[in-house]
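The lines below spell out each chain.
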Amino acid sequence: MTSAPQGPGRVAPPGGGPVRAQLVDRNDLLNRIRSALDGQGSVLLHGPAGIGKTALLDTLGSEAGSAGEAVLRSSPTAAEAGLPHLALIDLLGEALPGLAEELPAHLRHALERALLHSAPEPGTATDPLAVRVAVLEALRRLADRGPVLVLLDDTQWLDEASRQVIAFAARRLAGRPIRFAVTERTERADSEPRMTELCPGPVTEIPVGPLGELAVGALLQERLGLRLSGLTLTRIHAASAGNPYFALELGRALGTPGAEAALATDPGRPLSVPQRLRELMAERLTALPADARQALTVLAAARTGTGLPADTAAPLAVAVEHGVLVHGPGGALQFSHPLLAELVAADTPEPARRAAHRLLADRTADPVERARHRALAAAEPDPALAAELDAAAATALTRGAPATAAELLRLAADLTPDDPDAATRRLLAAARNAATAGLPDLARACGERLADAPAADVRVHAALLLARLLGPDHPEADPLLATAADDAHGAPALSAAVHQERAVRALHRADHTAGFVELAAAEHDADAAGDTDLLVELLAVRAPIELVTDPAHGLALLERGRRLSEGRPLTAAGVFVRQGLAVAHLRTGAVDRALAEVEALRTEVERAGRTEDLCNVHYIAASVYERAGRCAESYAAGRAAYELRERIEPNPGPARVLGGAAELAGGSAERAADLLDSAIRAAESDRDREWLAYAHGLRGRVDLLTGTPEAAAGHFLEARRLLRRLQFTDPSLFLLDADLAEALALAGRPGEAGDALADASVRVDRLGREVVRLGLHRAEAVLAAATGDPRAAADTLRERIPAEHPYPLELARAHLVLGQLERRARRRAAARTALCEAAARYARAGCTPWLRHTEAALADLDPAATDPTPLQTHLIKLVREGATNREIAAALHLSVKAVEANLTRLYRRHNVRTRAELAQLGDY
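These numbers come from a predicted model, not from an experiment.

Go over the pairing of strand β4 (residues 178-185), please, and point to the residues and values.
Judged by how many residues are buried, β4 sits mostly within the fold: seven of eight residues are covered. Pairing analysis gives six bridges linking strand β1 (residues 42-47) to β4, with the strands arranged parallel. When the bridges of β4 are listed, L44 appears paired with V182. With five bridges connecting them, strand β3 (residues 148-152) and β4 associate as parallel partners. Residue pairing across strands places L149 opposite R179, the latter belonging to β4. Chirality of the crossover, the property in question, places the unit of β3, helix α7 (residues 160-170) and β4 among those that are right-handed.

This is the structure:
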């Protein structure tokens, strides 16, 4: 099997619109909170303002209410902190009438007066102890009726009278089905909270941390309909420090007409900081003296970690005292919150900002940084400075920094308005480097400025770049290509480039006739122009198609492309040719050659800083590692591909497929299902048949893992239908056929299963793909057992399982199926032997989803077994090494709750009570 498709038919596949849960990227945190609240626990959530604590309480309250649990909630504000018993009114005001008759009279009267349900008698004071006991009794009475969840939000503003009463009750609620979830604002997520007294024990303190960059992008799209990628999203995430409230406010400011485009065109432009955020931050700045504020302007203009001159650094000591700055790594000064830097930059007049860059240019020895600061200090065109920026961009590229080169070239273009041809060529180079660096917003902004460039070649290449950024199915690409074709007339090199782009799009639509016609025209024009780089690109387009129909010819094309690209600068086409070689070797079972190719390529691409190419290389590497049985490495590469692609592409369909594939290799089936369901919706929305096929195929594997073969068969059949429409029939491209036949047999559809196996066998024979034969034997055994004698089916499969196989996970899967057949044949010892062999192979490979599946089969075979499972053996090893539960969870891709459950089972099995005692047990 393979966790991801091998060798896409194009360089840059498209995606679809994401579908996100309402609470973005908090599932792991929510699961930790739920675990802490199991039974009668309490949680204290703490973190800075806007980090999302209230949203977590909203979710907990909604879940508890839906489950029929009584939910009591208080949400005080700063303005209400001085109003006594207000929190008690929030918590018990509505419940009191239903409780009144159950409370002793003196307690009822005290509580009614505290909650303002009745007026105190003249000349009498409410007894504070009576109020405390009344609240305690009220909560106990509610808990006697059923589970209760108490939500206390923003307890830093809790009125003192309520705080004392709730703390009194919390100490006396042990043993009742009542849980508390409390939030407290702290300056940082790692600050110590103070409100533990409000929580009945046992209490778990949980810091609420920032969202990641991808989660911030999902939040902006879900709440504001703002789809950001690349540098703009990175800026918003950095400025907000992952704070959801800050990110949403900054996103709203980008929603004004032209704001997002202006930021994409000029990444150095300060963000617009909305007034509500200013009110949270500006107070610290206004308290500073003038020389400190001026010095902050220089710090805001500098790169992080830049050393400042002494006359600038000295006035900043007072900014440290006021909490505006902190000492970062190495003692360098940095803003205590990145939004402060944006606020300083936004409020700095243009002359002062230029002066800051001029000062920094004079104090830096690095030619790249010096040129950048000089350009940002310039107030008028300067051809000499533009030439200096060209040289600095070339230096940046030698350092593997195309993003820096893009920024420098854009600045150079802006400094040469008197030479339109030079300016537009620099802008085109900026756009290309931005695309290479995974900055599509900057690439698009630069490219859109080139529609009226004086030179036809600049206009053509700009149009082609913009079309590629749109993706192969976007209708707005057609007029761009038509304009490019008109501009390319009479120039063979330009015509070849246009034909090549049209060929990619036709082949993506599975229109091979039109695609090969366009390729032939492109090759003719490229030969006429002597354009070697374009010839390599054309081979990169043709070879994947040829690999499906004539593997030997396809491999020859890839080898030719590699020879042509040797000794030349790294290009996307050269990268793709070498990826294709890795895939071609993988399909024949030459896994070692595939590994050597992809590992060398990944090193070169990383060194060159080619982010867009790196996405594709990680993707291929994940597939190679998975088929090589190195699932931990496959998981890491697949996650890297998922995160990079989701960050740089506005359409997330392909990214979600890669994320789901990674989870199937070394994560969890549950997370794989979530990602793949989202990928299917996205690819359907975008009408992207190729990635939709892969998403269905991988989703079918999840269904096989979770024991729903009928659903699996539906996904596999849809994947096969889509792949055939694309004319992708190579059985080693995506290991689908055996899974399809197995699912059909298990679903009680033997006729269809037999037809699927017969069709696959014909294609295996025609293309010589013997490496997939073991999978077909496994599926044949499942079919034979479903329609006849499981004992005979197991005997036949056992004889066909080799000692070794190029794809180790296929061997593990065969032993797993053999164990299942032996169990059906009522040969329990043989079943246990086969299943243990499968579990050992999955454990060696690090394939956690299939390992858990196999261990479940072993547990079902003999629930009283005393030997630890391979997963528990690994867990014991990590305990011996001193790993915490959280570190064990990360290493084994489990939840902390699952680790705790496995530890509890081990304690009981071996009659030990502590981790230290468990670590002393003998080796397993």
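Describe the packing of helix α31 (residues 611-627) against helix α32 (residues 631-648), with residues and values.
At a minimum axis distance of 8 Å, the contact between α31 and α32 shows a crossing angle of 155°. Relative to α32, α31 is oriented roughly antiparallel. For α31 against α32, the interelement crossing comes out left-handed. Facing T611, E612, L614, C615, N616, H618, Y619, A621, A622, Y625 and E626 of α31, the residues of α32 in contact are C631, E633, S634, A637, G638, A640, A641, L644, R645, R647 and I648. Looking at side-chain class alone, the contact of α31 with α32 contains twelve nonpolar, five polar and five charged residues.

Run through the packing of aromatic side chains, naming residues and quoting values.
Applying the stated criterion across every chain yields a total of five aromatic pairs. On the basis of an interplanar angle of 90° and a centroid distance of 5.6 Å, the ring pair of W691 and Y694 is categorised as edge-to-face. Note that W691 and Y694 are positioned in helix α35 (residues 689-705) at a spacing of three residues, about one turn of the helix. Considering the side-chain rings of Y694 and F734, the 5.7 Å spacing of their centres and the 40° angle between planes classify their relative orientation as tilted. You can see Y694 sitting in helix α35 and its partner F734 sitting in the loop between α36 (709-725) and α37 (737-746), a full 40 residues away along the chain. Comparing Y694 with F734 shows no difference in burial state: the two are buried. An aromatic cluster is defined as three or more aromatic residues linked by ring pairs; in this entry it consists of Y619, W691, Y694 and F734. For the cation-ring pair, R172 lies above F168, with the distance from its terminal atom to the ring centre recorded as 3.9 Å. Directly above the aromatic system of F734 lies the positively charged group of R701, at a separation of 4.7 Å from the ring centroid.

Here is what the cut-offs are and how they apply
- Residues numbered from 1 in each chain as written.
- Predicted model: local features only at pLDDT ≥ 70, side-chain atom pairs only at ≥ 80, totals over all residues.
- Heavy atoms only, no water.
- Buried < 20%, exposed > 50% of the residue type's maximum accessible area, 1.4 Å probe, protein only.
- Helix = DSSP H or I, 4+ residues; strand = E, 2+ residues; numbered from the N terminus.
- Pairing = 2+ DSSP bridges.
- Right-handed = clockwise from strand over helix to strand, strands pointing away.
- Axes fitted to C-alpha atoms, helices over the stretch in contact; angles between N-to-C directions.
- Parallel < 35°, antiparallel > 145°, perpendicular 65-115°, else oblique.
- Left-handed = near helix turned anticlockwise from the far one by under 90°.
- Contact = heavy atoms within 4.5 Å.
- Nonpolar A, V, L, I, M, F, W, Y, C, P; charged D, E, K, R; others polar.
- Phe/Tyr/Trp six-rings, centres within 6.5 Å; stacked < 30°, edge-to-face > 60°.
- Lys NZ or Arg CZ within 6 Å of the ring centre and 35° of its normal.

All quantities given are derived from atomic positions and should not be read as evidence of function.
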